Protein chains: 2
Amino acid sequence: MNIHVVSSVNEIISDQLAGKTVIVIDVLRATSTIITAIANGCSGVIPVETVQQAKNSQIQGDLLGGERFCQKIHGFDLGNSPFEYGPEIVAGKTIVMTTTNGTRAIQKSQKAAHILAGSMLNATACAVKALEFGKDIVVLCSGTNDAFSLEDGLCAGLLLEEMVRLSEKTVATNDFGTAMMHAYDRVRSGLTEAILSCSNGTRLAKLGLTEDIVYCTQINKLKVVPLFQDGMMKQIKQIAAF
Amino acid sequence: MNIHVVSSVNEIISDQLAGKTVIVIDVLRATSTIITAIANGCSGVIPVETVQQAKNSQIQGDLLGGERFCQKIHGFDLGNSPFEYGPEIVAGKTIVMTTTNGTRAIQKSQKAAHILAGSMLNATACAVKALEFGKDIVVLCSGTNDAFSLEDGLCAGLLLEEMVRLSEKTVATNDFGTAMMHAYDRVRSGLTEAILSCSNGTRLAKLGLTEDIVYCTQINKLKVVPLFQDGMMKQIKQIAAF
C-alpha cells in the first residue's frame, strides 16, 4: 500500500485521487472542529466552499459555521473554534460549514473513493480506518492559502507513523511523507510549543485563540473518524481497538 | 531578513525572485557536481535546459556534461557524477551542463539578483555568502520531476540552521523551512543512511552509484560557492572564516 502526502490543496491533482482514500488534515482548525462536533453528537457537517453556498445549503434547523480571516462570518451561528461546538449546541444538528482551507480541501477531494477527516485529536483512529479501506492513501495537508502549514505537516507525520506501525511497515510513502515523519519525530515532545511558534500558531495566538491551539494539538483525545457520505462528513462506527 | 524555502522547481514564481538571493540545491547530484568541478579548477559551468542547447552552447575546448535518467548523455564528455570532474579533467575548462532538475532550477531563477549553488559539501560557506549579500533569500530545492526530494529538503534544513546560527537568530523562515530544519535535526547523525533510503538514494544505489551518495552527503568538505555571473556558475572568492 502506498501513502502519498500532499503539502497543500494547491498540489492536488483531482484525477489522481480516483479509487484512493483521502485523509484531509486541517489541524488549525477545520478538521479538528469537525471531529469535535461529531464527537459531540452533531449529525453531520456539510462542507462548502463559499459563504453564499453555505446560506443556500442551509435548511431549517441547520447551523451555519465557519470562518474568514480566522473570524466567525457575519450572520453565522458558529465560528471555527472547537469550543463553540459543544454537545449542548450541536447534538442532533446538521452544520453547514465553510472555512478558508479545510472545507475547500474536502471539496477538492470529491473524486476519491473515501474521504476522512484527520487531525491530531483522532490520529490513531483515523490511521486504523484509512488502512481498513485497503486502498492507496493520500494524506492531504490543507495548508493555508495554497501554501504548506507546519501543523498540518506534523499531523501528516504523526498519521504516517501510526500507519507504518499498524501495518507492520508494509506501507511505502513519498519523500515528502518521510520528511514529515522526521519533522514530527523531532518535535513530538514539544508539539504544542512548535505549533504555537509557526505561522498559523502565531496568527491565532495574536487573536487570543491560544486555547484552540492547545486543544487541537492533543493526540488521540477522540476516536471518531468522520467520513464523507451523502454530501456530508458523518460519524462512522467507533474503532473497536488499537 | 526573510528566508523562504521552496519545495521544488514547480513551486517557483519567477517574478517573486526579483531582488533576492537564490540558493539552488540539487544534492543528487547537479549542484554537488558543479561545486566539485569549480573546487577542482573548472573555469565555469554553463547551465542549460536541453541537450540541443548544450550542443549549441559548446565552443572549442568546452566539455559537455550532464545526465538524463541519471545516466551520461550519448556523445557527452561527462555524466553527472562528481567523481568524473577531477582536476585532471576540468582544470581551466568551461563545462556546458544539462541535468533533469538542477540546471533547470538555475535557469528558472534568472530573475534573482544573485544565484548561488548550494549543497551539503559547501553548506556553511554558502550560508555565509548568502547572508553577505544582505537580501531576502530563497532556498530552492530542485526536487525531481517537479516533486520534492528528501535530500534537497534536508540540505535546505542544514543551510537554514547555519543561517540562523550565523545571523544570531535574526532571520525568519516560512513553515516549510521550519519543517526542513526539524527533519534535518532529526537525521543529522544518520544523514547518509537517511538519503540512501529515499527515492533518489535508492534509484542511484540500484545504478551502482552509492559512492556518489556517500560523497554528496559530506558536510562542509568544500568552501567554494559558485555564483551565476556572465551566463555561468563561477567561483567567487574563498570565504575567509566562519
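Structure first, text after, so check above.
Worth saying up front: this structure is predicted, and the values here are computed from it rather than measured.

A. Geometry of the relation of the copies chain A and chain B. Each copy superposes on the other: chain A lies on chain B with an RMSD of 0.0 Å after a rotation of 180° and an axial shift of 0.0 Å. Taken together, the rotation angle and the small translation identify this as a two-fold axis. Among all residues of chain A, the one whose C-alpha sits closest to the rotation axis is A183 of chain A, at a distance of 2.1 Å. When the interface residues of chain A are mapped onto chain B, 100% of them again fall at the interface, so both copies present the same face.

B. How the structure looks around the environment of L131 of chain A. All names here are of chain A. With respect to the element layout, L131 can be found in helix α5 (residues 123-132). Sequence separation of L131 and V171 is 40 residues, and the distance between their C-alpha atoms is 9.6 Å. When sequence neighbours within four positions are dropped, the list of residues in contact with L131 reads M163, L166 and S167.

C. Just the pairing of strand β3 (residues 44-47) of chain B, in detail. Residue and element names in this part refer to chain B. Of the two faces of β3, the one carrying G44 and I46 and the one carrying V45 and P47 are both buried. Here four bridges tie β3 to strand β6 (residues 94-98), and the two strands are oriented parallel to one another. Following the sheet pairing, I46 is matched in β6 by V96.

D. Spotlight on the nonpolar core. Residues I23, V139 and L159 of chain A together with I23, V139 and L159 of chain B are the most contacted members of the largest nonpolar core, which totals 158 residues. Dropping the residues within four chain positions of it, I23 of chain A is found in contact with L116, G118, C126, A130, I137, V139, L140 and L159 of chain A.

E. Representation of the packing of helix α5 (residues 123-132) of chain B against helix α6 (residues 150-166) of chain B. Residue and element names in this part refer to chain B. Two elements in contact, α5 and α6, have axes separated by 9 Å at closest approach and are oriented at 55°. Between α5 and α6, the interaxial angle falls into the category oblique. In the crossing of α5 with α6, the sense of the turn from one axis to the other is right-handed. From α5, A123, T124, C126, A127, V128, A130 and L131 reach across to α6, where they touch L158, L159, E162, M163 and L166. Split into classes, the residues belonging to the contact of α5 with α6 amount to 10 nonpolar, one polar and one charged.

F. Examining the packing of helix α7 (residues 175-187) of chain A against helix α7 (residues 175-187) of chain B more closely. The interhelical angle for the contact between α7 of chain A and α7 of chain B, taken along N-to-C directions, is 75°, at an axis separation of 7 Å. In terms of axis orientation, α7 of chain A runs roughly perpendicular to α7 of chain B. For the pair α7 of chain A and α7 of chain B, contact is made by A179, H182, A183, D185, R186 and V187 of chain A and by A179, H182, A183, D185, R186 and V187 of chain B, respectively. Tallied by class, the residues present in the contact of α7 of chain A with α7 of chain B amount to six nonpolar, two polar and four charged.

The rules behind the values
Residues numbered from 1 in each chain as written. Chains lettered and ligands numbered in written order. Predicted model: local features only at pLDDT ≥ 70, side-chain atom pairs only at ≥ 80, totals over all residues. Least-squares fit on C-alpha atoms with pLDDT ≥ 70 in both. Contact = placed C-beta atoms within 7 Å. Helix = DSSP H or I, 4+ residues; strand = E, 2+ residues; numbered from the N terminus. Buried ≥ 20, exposed ≤ 12 C-beta atoms within 10 Å, placed from the backbone. Pairing = 2+ DSSP bridges. Core = buried A, V, L, I, M, F, W, Y, C linked by C-beta atoms within 7 Å. Axes fitted to C-alpha atoms, helices over the stretch in contact; angles between N-to-C directions. Parallel < 35°, antiparallel > 145°, perpendicular 65-115°, else oblique. Left-handed = near helix turned anticlockwise from the far one by under 90°. Nonpolar A, V, L, I, M, F, W, Y, C, P; charged D, E, K, R; others polar.

These figures come from the coordinates and say nothing about function on their own.
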